[in-house]
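# Coordinate inspection notes
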Amino acid sequence: MRSLTVAREACERFHPGLLAALEDLTLTEREAEGSPVIEIYRRHNGPGLLVPASYAGGEASPLEAVRVQRALSALSPSLGIATAMHHFTVAMLFALAETADRLTPAQVKVLSGIAADGLLLASGWAEGRTDQNILLPSVTAELTPEGYRVNGSKKPCSLSSAMDVLTASVAVTDADGNGALALLLIPGNSPGITTRPFWASPVLAAAQSHEVLLDNVLVPEELAITSTPDDADRLDDLQQSGFLWFELLASATYTGAASTLVNAVFEAGRGDAQSRAALATKLDAAIALLEGTARAVEAGLSGDEAVASVLVARYAGQDLLAATVDLAAEMLGGIAFIKSFDVAYLASAVRALAFHPPSRASVATQLDEYFQGQQLRLQ
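Residues numbered from 1 in each chain as written. Predicted model: local features only at pLDDT ≥ 70, side-chain atom pairs only at ≥ 80, totals over all residues. Heavy atoms only, no water.

This next bit is on the side chain of His44. Note on placement: His44 falls in the loop between α4 (37-43) and α5 (62-75). Residue class for His44 comes out buried when judged on its relative accessible area of 17%. Reaching out from His44, the side chain makes a polar contact with the backbone oxygen of Gly17 at a distance of 3.5 Å. Setting aside anything within four residues of it in sequence, one finds His44 in contact with His15, Pro16, Gly17, Leu18 and Ala21. (Helix = DSSP H or I, 4+ residues; strand = E, 2+ residues; numbered from the N terminus. Buried < 20%, exposed > 50% of the residue type's maximum accessible area, 1.4 Å probe, protein only. Polar contact = N/O pair within 3.5 Å; in protein donor to acceptor, adjacent residues only side chain to side chain. Contact = heavy atoms within 4.5 Å.)

Counted by the stated rule, this structure contains 10 salt bridges. Where Arg42 meets Asp164, a salt bridge forms, and the shortest distance between an N and an O atom there is 2.7 Å. Residue Arg42 is located in helix α4, and its partner Asp164 is located in the loop between β3 (147-157) and β4 (165-173); the two are separated by 122 residues in the primary sequence. Overall, the relative accessible area of 27% leaves Asp164 in the partly exposed class. The salt bridge partner of Arg70 is Glu291, with a shortest N-O separation of 2.8 Å. Separated by 221 residues along the polypeptide, Arg70 in helix α5 and Glu291 in helix α9 (residues 273-298) bring together distant segments of the chain. (Salt bridge = Lys/Arg side-chain N within 4 Å of Asp/Glu carboxyl O.)

Two measures define how a pair of helices packs: the angle their axes make with one another and the distance between the axes. Running from N to C, helix α10 (residues 303-332) and helix α12 (residues 341-350) point in directions that differ by 170 degrees, and their axes come no closer than 9 Å. The angle between α10 and α12 falls in the class roughly antiparallel. Contacts between α10 and α12 involve Leu321, Val325, Ala329 and Leu332 on the former and, on the latter, Val343, Ala347 and Val350. Counted by class, the contact of α10 with α12 contains 7 nonpolar, no polar and no charged residues. (Axes fitted to C-alpha atoms, helices over the stretch in contact; angles between N-to-C directions. Parallel < 35°, antiparallel > 145°, perpendicular 65-115°, else oblique. Nonpolar A, V, L, I, M, F, W, Y, C, P; charged D, E, K, R; others polar.)

Using the criterion set out here, one finds 4 aromatic pairs in the structure. Judged by centre distance (5.5 Å) and plane angle (65 degrees), the rings of Phe88 and Phe246 are edge-to-face. Pair noted here: Phe88 is in helix α6 (residues 77-99) and Phe246 is in helix α8 (residues 234-268), with a separation of 158 residues, a long-range link. (Phe/Tyr/Trp six-rings, centres within 6.5 Å; stacked < 30°, edge-to-face > 60°.)

A few words now on the environment of Ala278. Topologically, Ala278 is positioned in helix α9. Overall, Ala278 belongs to the partly exposed group, its relative accessible area being 34%.

Pro156 follows Lys155 through a cis peptide bond whose omega is -15 degrees. For Pro156, the location among the structural elements is in strand β3. With an omega dihedral of -5 degrees, the bond running from Pro357 to Pro358 counts as a cis peptide bond. Tracing the sequence through the fold places Pro358 in the loop between α12 and α13 (364-371). The backbone phi angle of Ala56 is positive, close to 75 degrees, even though this residue is not glycine. If you check the backbone angles, Leu159 has positive phi at about 65 degrees while not being a glycine.

This is the structure we're talking about:
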């Protein structure tokens, strides 16, 4: 299928041999708890995809990144989700590197190791609380003479077993008792970090999305990125960059999973030419929305307009993908559904796009106001 071929070619340019290594396993093996797909990805230079060339990375453009993400997610949606969490965090950190007057030596060491050493960064924003505002984390960090003492938990946290660094949003209190938001770069092997099973569903189980517990974890002060009264919007700006990348890559992940079902219809010759063309049109419409937004961001689209564009692509694509997998499963037929793990699994996995923040309902009012000409206000 043409769109999948384009995606696979992009993936092969950045990660030679990755797709072949993944294809040595069945989908069942790739998606199971304890699957080796994350380590396979690490061995094929996966962590450095969005890292600038000056830091030995691939420096993929937004368009290239969503294509790579589609290709690997067509083989392993779990790997797609896990790596989307890593990549949007990487994008956020390098956005900081571009604007910061000075990075601490410890921060530079983390950035330098992502591509060179294959470091994987877990994204510790979610806390398993319904309608949570990520700018108001419940995880706390107290500044002490030794550094920050961190307590709380993050869940679900993808890459919970494979992570080298946990990037966690925390509420900090300084020596004067003032509160602020901070992003901590916490070494994954720090004393006091443990994991606890959280993800009970077999769907996307290989993403390692479990609970990460932090019990009096000591983090050096130089591994903290904090806001101050003089630059209170600093982390907000970083989060906008991360938000754009997350929505692009998460949408690409589920588009890749849907592509596998559509490709199966074509390979099996199911339906007639008109039905297959209608099916592929739905999928390619979702791809076009996503790639159009990626191209716009690459060309300089930013601010409210960029956020609104990526949300439109995500929600419209979400509807298109749901219709696509329903039709693909129907065209593949009942025997394929009964006999194959793949059909039911992929159809279920694609539906998970609806569960990623922000939910459609949570931003309906803000989008309504934006479409009428007001500022986009996301929380």
